[in-house]
Amino acid sequence: MDLDLIRRVYGKGATVYDAVFGPLLERGRRMAVEAANATGARSVLEVGVGTGLSLPLYRADIKVTGIDLSPEMLARARKRAEDLPNVQDLHEMDAQAMSFADASFEAVVAMYVAAVVPNMTKLFQELRRVCVPGGHVIVVNHVAAETGLLGAFDRMVAPATRAMAIRSDLRLATVVETAGLDVAGIEDAGIGGYIKLIRFRNRPPGN
Ligand SMILES: C[S@@+](CC[C@H](N)C(=O)[O-])C[C@H]1O[C@@H](n2cnc3c(N)ncnc32)[C@H](O)[C@@H]1O
């Protein structure tokens, strides 16, 4: 997967994204934002904000910044944010190489993006860098199904996930290892455990 392919896929998919992936991924999205709201963070960065389905869910006193690679997805997020004064900025930016200064945000949220970015190691390096030491990194993503029923679900949704450039073989242990962060909690976040919410705490630089 390269960035141009991702831009093309989400450029085309932006019109149908909410109908297909809105309700399907809603529980995890809600749980991730509730987790961010509960941290007490006053500034949140959401990477891969997409069409901004999550934006109305943030507490009104949290300043939210969003980034995404796809101008078409962002256009929808900007429309959604028109009535949300706490949504500060929505930038077109690669989550693997962000232009924000170190320690810019008290919490960073990545929903359903870990399995899309070309290089998850670079994604997490950047999440750690832009988050304050001791801050919160909240990730929600599907993980590779291990059991029969979920395996069947995996196969059922495979055409839709492939069409949106989403890798379906991401394992929970790989996400946790790659993150290089302290795990604060892991919870099922939908579709019988196929989606996981992972809450991390950021470490001080060099740790
Ligand atoms: C599956 S969608 C998830 C959208 C949204 N977070 C949600 O909950 O519905 C993945 C999003 O990640 C964005 N994305 C993929 N790679 C990215 C990157 N390297 N930097 C920023 N955004 C990226 C895509 O453009 C797309 O909007």
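Residues numbered from 1 in each chain as written. Predicted model: local features only at pLDDT ≥ 70, side-chain atom pairs only at ≥ 80, totals over all residues. Heavy atoms only, no water.

Caption draft 1: Just the overall build of the protein, in detail. A count of helical and extended segments in the protein gives six helices and seven strands. Starting at the N terminus and walking to the C terminus, you meet the elements of the protein as α-α-β-β-α-β-β-α-β-α-α-β-β. Scored against the burial criterion, the 207 residues of the protein give a buried share of 52%. Partitioning the intrachain contacts of the protein with sequence separation of at least 6 by distance along the chain shows that 71% fall at a separation of at least 24. Split by element, the accessible area of the protein, about 9,400 Å² in all, is 53% carbon and sulfur. (Helix = DSSP H or I, 4+ residues; strand = E, 2+ residues; numbered from the N terminus. Buried < 20%, exposed > 50% of the residue type's maximum accessible area, 1.4 Å probe, protein only. Contact = heavy atoms within 4.5 Å. Areas by Shrake-Rupley, 256 points an atom, 1.4 Å probe, with all protein chains shown as cover.)

Caption draft 2: Quick look at the site of the ligand. Lining the immediate environment of the ligand, one finds 21 residues, of which Tyr17, Gly48, Asp68, Asp94 and Ala95 sit closest. Take Arg29: an N or O atom from its side chain is 2.9 Å from an oxygen atom of the ligand. Per-element accounting of the shell around the ligand gives the leading share, four residues, to helix 1 (residues 3-21). (Near = heavy atom within 4 Å. Polar contact = N/O pair within 3.5 Å; in protein donor to acceptor, adjacent residues only side chain to side chain.)

Caption draft 3: Looking closely at the side chain of Asn202. Examined against the element boundaries, Asn202 turns out to sit in the segment after strand 7 (195-201). One polar contact links the side chain of Asn202 to the main-chain carbonyl oxygen of Arg128, over a distance of 2.9 Å. Only 3.0 Å separates the side chain of Asn202 from the backbone oxygen of Cys131, close enough to count as a polar contact. The contact partners of Asn202, leaving out residues within four places of it in the chain, are Arg128, Cys131, Val132, Pro133, Gly134, Gly135 and Leu181.

Caption draft 4: The arrangement of the nonpolar core in detail. By size, the foremost hydrophobic cluster in this structure holds 68 residues, and its most contacted members are Leu45, Val47, Leu55, Tyr58, Met98, Phe124 and Leu127. Beyond its immediate stretch of four places on either side in the chain, Leu45 contacts Thr65, Ile67, Met98, Phe100, Phe105, Ala107, Val108, Val109 and Val130. (Core = buried A, V, L, I, M, F, W, Y, C linked by side-chain atoms within 4.5 Å.)

Caption draft 5: Looking closely at the pairing of strand 2 (residues 63-68). The buried fraction of strand 2 is high, at five of six residues. Sheet topology places strand 1 (residues 43-47) next to strand 2; five bridges connect them, and they run parallel. Following the sheet pairing, Glu46 is matched in strand 2 by Gly66. The pairing of strand 2 with strand 3 (residues 87-92) spans five bridges and is classified as parallel. In the strand pairing of strand 3, Gly66 is matched with Leu90. Of the crossover connections in this fold, the one passing from strand 2 over helix 3 (residues 71-81) to the parallel strand 3 is right-handed. (Pairing = 2+ DSSP bridges. Right-handed = clockwise from strand over helix to strand, strands pointing away.)

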